[in-house]
Amino acid sequence: MNVKTAGRVLDLFEAFSELQHSASLSDIARKLAIPVSSCFALLRTMENRGYIYSEKARGGLYPTKRMLTLAKRIAAHDPIANRVTPALQALREKTEETVLFAKRAGDKVVLLDVLVSPQRIRYTAELGEQRSLYATSLGKAILSGMSEAERTEVLDKLDLAKLTPATITSRKKLVEELAKSAKRGWFVNSGESVQHMFGVAVPVAINGEPYAISIPGPTDRMKPNVKFLVEHLQAARDRIERDDER
């Protein structure tokens, strides 16, 4: 279920993130694909709350830094990020690869933290982006952390659409892979969501909830180093779970 007004507020900030300049009422309405009257009411409300200002009498609307201030304050007190960030930073430093941290969000996984590799050829992503629950190493690791009943319920609702030629679209094969990967303790995505990309992940339990950490990157660099990557992933997982027990 989506709340239209809430969605439009988020669309507004995402639109300015793309535009990166001030815009007129009509331009914003066109960008959001909504009536000018609805856009005017939205912008007036945001202006009255201090989130939008007008740089000139007619047009030239742009967000203030109020949202940034609130976001920084919220992020500074994130109970999960404060717990996992040191381990994730150490993992990136040791592997020099991109590190992702995620949790399930409906039939997807949502990226809660992204630490980008310093290497020129690398996997990139943005915080809050959603990924497949069945065709990524993150998603598979999270599925493995669920109870059997919850996992069965989730799999019953998943549409195993073919994202690449390597995507597993058979529920039976997916269940078999989850069982095999859970037994060895780590999960892979070998070009199943994005061709020529390879990801390896481990599940992490925090407050009894399933999360996952993954290291994605180009297949030709990742595959030969799986053992090395898994060792450091598991060390990061162990550090986080030890801290969770304190």
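Residues numbered from 1 in each chain as written. Predicted model: local features only at pLDDT ≥ 70, side-chain atom pairs only at ≥ 80, totals over all residues. Heavy atoms only, no water.

**Section: the overall build of the chain**
Here is step 1: Along the backbone of the chain there are ten helices and eight strands.
Here is step 2: Taking the principal axes of its C-alpha atoms as reference, the chain extends roughly 65 × 35 × 35 Å.
Here is step 3: A total of 246 residues make up the chain; the buried ones form 39% of that total.
Here is step 4: Contacts in the chain between residues far apart in sequence, at least 24 positions, make up 53% of those at least 6 positions apart. (Helix = DSSP H or I, 4+ residues; strand = E, 2+ residues; numbered from the N terminus. Buried < 20%, exposed > 50% of the residue type's maximum accessible area, 1.4 Å probe, protein only. Contact = heavy atoms within 4.5 Å.)

**Some points on the packing of helix α1 (residues 4–19) against helix α2 (residues 25–32)**
Here is step 1: In contact at an axis separation of 10 Å, α1 and α2 are set at 105 degrees when each is read in the N-to-C sense. Classified by the angle their axes make, α1 and α2 are roughly perpendicular. Contacts from Asp11, Leu12, Ala15, Phe16 and Glu18 in α1 reach Ile28, Lys31 and Leu32 in α2.
Here is step 2: Residue composition of the contact of α1 with α2, by class: five nonpolar, no polar and three charged. (Axes fitted to C-alpha atoms, helices over the stretch in contact; angles between N-to-C directions. Parallel < 35°, antiparallel > 145°, perpendicular 65-115°, else oblique. Nonpolar A, V, L, I, M, F, W, Y, C, P; charged D, E, K, R; others polar.)

**Some points on the side chain of glutamate 192**
Here is step 1: Within the fold, glutamate 192 resides in the loop between β6 (187–190) and β7 (197–206).
Here is step 2: Residue contacts for glutamate 192: discarding those within four places in its chain leaves Tyr134, Ala135, Lys140, Leu163, Thr164, Ala166, Thr167, Ile168 and Glu177.

**A word on the packing of α1 against helix α3 (residues 36–48)**
Here is step 1: At a closest axis distance of 11 Å, the pairing of α1 and α3 adopts a crossing angle of 80 degrees. The orientation of α1 with respect to α3, classified from their angle, is roughly perpendicular. The segment α1 lies against α3, with Arg8, Val9, Leu12 and Phe13 engaging Ser38, Leu42, Leu43 and Met46.
Here is step 2: The residue inventory of the contact of α1 with α3, partitioned by class, reads six nonpolar, one polar and one charged.

**A look at the confidence of the model for the chain**
Here is step 1: Overall, the predicted model of the chain reaches an average pLDDT of 93, with 97% of residues at or above 70.
Here is step 2: The lowest-confidence element of the chain is helix α4 (residues 66–76), averaging 90 in pLDDT; the highest-confidence one is β6, averaging 97. (pLDDT = per-residue confidence, 0-100.)

**So, the sheet that holds β7**
Here is step 1: One open sheet accounts for six strands, arranged β5-β4-β3-β8-β7-β6; its pairing is antiparallel. Either end of the sheet is taken by a strand with one partner, and the two such strands are β5 (130–132) and β6. The mean inter-strand angle of the sheet, taken between neighbouring strand axes irrespective of direction, is 35 degrees.
Here is step 2: Two strands pair when backbone bridges link them, and strand β4 (residues 108–115) and β5 are joined in this way by three bridges, in the antiparallel orientation. Within the sheet, the bridge partner assigned to valine 110 lies in β5 and is glutamine 130. (Pairing = 2+ DSSP bridges.)

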